[in-house]
Amino acid sequence: MKNTILTKIAASSLALLVGITGSTLATAQEINFSGDWSPLFHEEFPDRIPGPPLADYAGLPLNEAGILRANSWDPNRISVVPEFQCREHGADYAMRGLAHMRVERVIDERTQQAVAFKTRMNFANMERTIWLDGRDHPSVNAAHTWDGFSTAHFENGMMVVYTTHLKQSYHRRNGVESSSERTFVEYWYIHENILTVVTVVDDPVFFTEPLFRSQNWVVNPAMRITANNCEYVIETPIGDDGQIVPHYLPGENKFLAENAKFYHLPLEGQQGGAETMYPEFREQFGEPVGDTRICFLDCE
Amino acid sequence: MKNLLNNFNQIVLFTLIFGTSQFTLAQDSNLELLHVQGNVYMLSGADVNVTVQIGDQGIVFVDSPSEDTVPAMINLIQEYTSFPVLYVINTHLDEEHISGNTILSRMGDRLNANIVSFGPPGGDQATAIAGSAGGVTLLAHENVLNRFYLTEHDIETLDLTSTYFSDTKDAHLNGEGLMVYHMPNAHTDGDSIVYFRRSDVISTGDIYTPGRYPEIDVERGGSVKGLVEALNFLIALIIPETEAEGGTYVVPGHGRIGDEIDVVEFRNMLYIVMQRIEASIEDDMSLREIIAARPTLDYDTEYGGHRGGPSSEEFITAIYTSLTSQN
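Parameters and conventions
- Residues numbered from 1 in each chain as written.
- Chains lettered and ligands numbered in written order.
- Predicted model: local features only at pLDDT ≥ 70, side-chain atom pairs only at ≥ 80, totals over all residues.
- Helix = DSSP H or I, 4+ residues; strand = E, 2+ residues; numbered from the N terminus.
- Buried ≥ 20, exposed ≤ 12 C-beta atoms within 10 Å, placed from the backbone.
- Contact = placed C-beta atoms within 7 Å.
- Nonpolar A, V, L, I, M, F, W, Y, C, P; charged D, E, K, R; others polar.
- Core = buried A, V, L, I, M, F, W, Y, C linked by C-beta atoms within 7 Å.
- pLDDT = per-residue confidence, 0-100.
- Pairing = 2+ DSSP bridges.
- Axes fitted to C-alpha atoms, helices over the stretch in contact; angles between N-to-C directions.
- Expected span 1.5 Å × (residues − 1).
- Parallel < 35°, antiparallel > 145°, perpendicular 65-115°, else oblique.
- Left-handed = near helix turned anticlockwise from the far one by under 90°.

In this section: the overall build of chain A. The secondary structure content of chain A amounts to 8 helices and 11 strands. The buried share of chain A, taken over its 300 residues, is 30%. Contacts in chain A between residues far apart in sequence, at least 24 positions, make up 60% of those at least 6 positions apart.

Below is the structure:
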């Protein structure tokens, strides 16, 4: 009888230990990204803060469709097409953008396990849910959103996020469009007070190969996020013969060479393509030619 | 006698649902019923999207898929309701959007059809053709009927009980107002879009087909400029919730559920390609030269025939034909 009781106690203890250990192991790899984060802009600062110059697609693995789409883009479209005025960034570009980011962990009250992270950015009310509970992605015919649908798991000390169901948006804010068929994978990891997120964007409509980017944030407890309220308005009257969708006909965009001339760089490099992502490309095109002094106004 | 007919209808419905569903489900395993918003669902996975409104009065369909698909579709709907079919609105004459009318017309009940409210008495909105078919109203724009009788088409039979010839037609079904708008000279000259006002969902037919080029059926009165106008009308009707997202949702004739900005991008594509071809025509380029110049190059990877729909060449040809024939 005593042995039986001891056996039961031992078994129960073992089960408890296994339960605790198993629980600990199950959560050991989970990382809590909760907090207030401010972006660091040491990577590609000119591209992200002042914004990219017209027709500079260097470093983007664009196919010929992506290049023509960007070359046809007229910046007036943003104001003439009122529906564009209140767009959020797509979730992939949002990680590249300018905004502070708040991350909150969503806990299932019953199990006390994390089921998701919610992120909120300080631009256009961008909110995103990254599901950790193993749910499936929606039907291919479900609606797409700016933030898409994200699921994640933990692997090698990182959170690996997979996002689908994105709306058409932009890879770069100078007319380089991204398609609603793109997906992206993110790798989130923390080292000391820095959060690094590497994004790998696959866009079968406009890319010949995936685009890798990395972004960094620093913990900032003083960071505050404000609410946004955007309501679009008609800013430009459109006459009977006016364009309702501003664009350049193929071959008629006179601004394509502007940036290349300014920096004395070959136009081919500015037009992007997978080869422009790699260091070897710089050697291929050599040094800038001619007078490389940069002139800002009334230059010849 | 009326009860007997009703019982017969129920038996037919039961037989269709349970007698053939397993076989059909095996054939149509891609079928799914997606909740859009409010009372409105979208059946996808068939040749065509079908908009389904489910309510206390019965089931309203916008477009009807092939007869082979109907039993499996009804089987999915049975998870939500067992009420009979009330109303079918066809957005245009294409076979894949209309060929299920006959079988759906056998799944109705006249009593339910009688409590439908049509617009103001004496108005020009409802035109009876043959009365209700088993209690189910089958509605389309009058030009659908005209094209069926007066021009060539792929349809063997056309089951309609009612047409409208004015700009709009309204009805109050399942507790919400439905506005049917005629879109003249767009995909064809008989296109309708259907706005479910309380659910805030618009069913567009082939006016909007994300991921594939639109088919502009010039032979049947379609035109590229009319299609741009129809899309502009649709965009004006849609109200996004916030940040250009959500609010009014759109069920396309083919492809995924969308909202305003999705329709805007589709309209932009059509408008830009139209202007490129228009400029080429002004430069006296022939159709062959225009096709060779690839005016759809930057849209082909997104829309170019790989999900059904017209190829790039067919799309360019339709726009060229429309612009040069002044349709």
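Let's shift gears to the overall build of chain B. Looking only at helices and strands, chain B has 11 helices and 14 strands in total. Within the span of chain B, comprising 327 residues, buried residues form 56% of the whole. When contacts within chain B are restricted to residue pairs at least 6 apart in sequence, those whose partners lie at least 24 apart make up 65%.

Attention shifts here to the interface of chain A and chain B. Counting from both sides, the interface comprises 30 residues of chain A and, opposite them, 28 residues of chain B. When its residues are assigned to classes, the side of chain A that touches chain B shows 15 nonpolar, 9 polar and 6 charged.

What follows concerns the environment of Glu 96 of chain B. Residues and elements named next belong to chain B. By secondary structure assignment, the location of Glu 96 is in helix 3 (residues 95-98). Classification of Glu 96 as partly exposed rests on a count of 19 C-beta atoms within 10 Å. When the C-alpha positions of Glu 96 and Asp 154 are compared, they lie 9.9 Å apart, and in sequence the two are 58 residues distant. Apart from residues no more than four positions distant in its own chain, Glu 96 is found in contact with Asp 47, Val 48 and Ser 66.

Residue and element names in this part refer to chain A. The phi angle at Ala 55 is positive, at roughly 65°, despite the residue not being glycine. As for its placement among the helices and strands, Ala 55 is situated in the loop between helix 2 (45-48) and helix 3 (64-71). The phi torsion at Ala 124 lies on the positive side, around 55°, for a residue other than glycine. Mapped onto the secondary structure, Ala 124 falls in the loop between strand 3 (114-121) and strand 4 (127-131). For Ala 124, a count of 20 C-beta atoms within 10 Å translates into the label buried.

By size, the foremost hydrophobic cluster in this structure holds 88 residues, and its most contacted members are Val 36, Val 194, Ile 207, Leu 231, Leu 234 and Ile 319 of chain B. Among the elements that make up this core, the one with the highest residue count is helix 8 (residues 260-282) of chain B (11 residues). Residues within four places of Ile 319 of chain B in sequence aside, it is in contact with Ile 216, Val 224, Val 273, Met 274 and Ile 277 of chain B. Ranked by size, the runner-up nonpolar core spans 22 residues in total, among them Tyr 93, Ala 124, Met 126 and Val 161 of chain A.

This part takes up the confidence of the model for chain B. For any part of a model where pLDDT is low, the fine detail of the predicted coordinates should not be relied upon. Counting all residues, the mean pLDDT for chain B is 85, and 83% of those residues have values of 70 or more. Counting contacts from residues 110-131 of chain B, a segment whose pLDDT is below 50, to residues more than four positions away or on other chains yields 45 contacts.

Turning our attention to helix 2 (residues 70-77) of chain B. One turn of an α-helix holds 3.6 residues; hence residues three or four places apart share an orientation. Counting buried residues along helix 2 of chain B, 7 of its 8 residues qualify, which places the element largely inside the surrounding structure. Taken as a whole, helix 2 of chain B has its buried residues at Val 70, Pro 71, Ala 72, Met 73, Ile 74, Asn 75 and Ile 77 of chain B.

Residue and element names in this part refer to chain A. Pairing in this closed barrel of 9 strands is mixed, and the strands run 1-2-3-4-5-6-9-10-11 around the ring. On average, adjacent strands in this sheet sit at an angle of 30° to one another, irrespective of strand direction. As defined by bridge partners, strand 9 (residues 183-191) adjoins strand 10 (residues 194-202) across 9 bridges and the pair is classed as antiparallel. Considered in strand 10, the bridge of Glu 186 is made with Thr 199.

A few words on the pairing of strand 1 (residues 35-40) of chain A. Residues and elements named next belong to chain A. Here strand 1 pairs with strand 2 (residues 101-107) via 3 bridges, running antiparallel. Opposite Asp 36, over in strand 2, you have Arg 102 as the bridge partner. Where strand 1 lies against strand 11 (residues 211-219), 4 bridges are found, and the strand directions are antiparallel. Within strand 11, the position partnered with Pro 39 by the bridge is Trp 217.

All names here are of chain B. Mapped onto the elements of the fold, Val 218 is located in the loop between strand 13 (201-205) and helix 7 (224-237). We classify Val 218 as buried; it has 20 C-beta atoms within 10 Å. For the pair Val 218 and Asn 185, spaced 33 residues apart in sequence, the C-alpha to C-alpha distance is 8.5 Å.

Okay, helix 11 (residues 312-324) of chain B next. An ideal rise of 1.5 Å per residue puts 18 Å on 13 residues; helix 11 of chain B measures up with 18 Å between its terminal C-alpha atoms. Among the residues making up helix 11 of chain B, those that are buried are Phe 315, Ile 316, Ala 318, Ile 319, Tyr 320 and Ser 322 of chain B.

The subject of this paragraph is the packing of helix 8 of chain B against helix 11 of chain B. Residue and element names in this part refer to chain B. Look at helix 8 against helix 11: their axes get within 10 Å of each other, and the N-to-C directions meet at 60°. With respect to their mutual orientation, helix 8 and helix 11 come out oblique. You can see that helix 8 and helix 11 cross each other, and the crossing is right-handed. Touching Val 273, Met 274, Ile 277, Glu 278 and Ile 281 of helix 8 are Ile 316, Ile 319, Tyr 320, Leu 323 and Thr 324, all from helix 11.

All names here are of chain B. Where helix 7 contacts helix 8, the axes come no closer than 10 Å and their chain directions differ by 160°. By the criterion of interaxial angle, the relationship of helix 7 to helix 8 is roughly antiparallel. Two packed elements cross with a definite hand, and for helix 7 against helix 8 that hand is left-handed. Along its contact with helix 7, which presents Val 224, Leu 227, Val 228, Leu 231, Asn 232, Leu 234 and Ile 235, the element helix 8 presents Glu 260, Val 263, Val 264, Phe 266, Arg 267, Leu 270, Tyr 271 and Met 274. Residue composition of the contact of helix 7 with helix 8, by class: 12 nonpolar, 1 polar and 2 charged.

What follows covers the environment of Ile 225 of chain A. Residues and elements named next belong to chain A. Residue placement: Ile 225 occurs in the loop between strand 11 and helix 6 (258-263). Separated by 105 residues in sequence, Ile 225 and Arg 120 place their C-alpha atoms 8.2 Å apart. Every residue in contact with Ile 225, bar those within four places of it in the chain, is listed here: His 100, Arg 102, Arg 120 and Asn 122.

Residue and element names in this part refer to chain A. Inspection of the sheet shows strand 2 paired to strand 3 by 7 bridges, in the antiparallel sense. Across the sheet, the residue bridging to Arg 102 is Arg 120, located in strand 3. Once strand 2 ends, the chain turns through 6 residues before running back antiparallel as strand 3, passing Gln 112 with a positive phi of about 60°.

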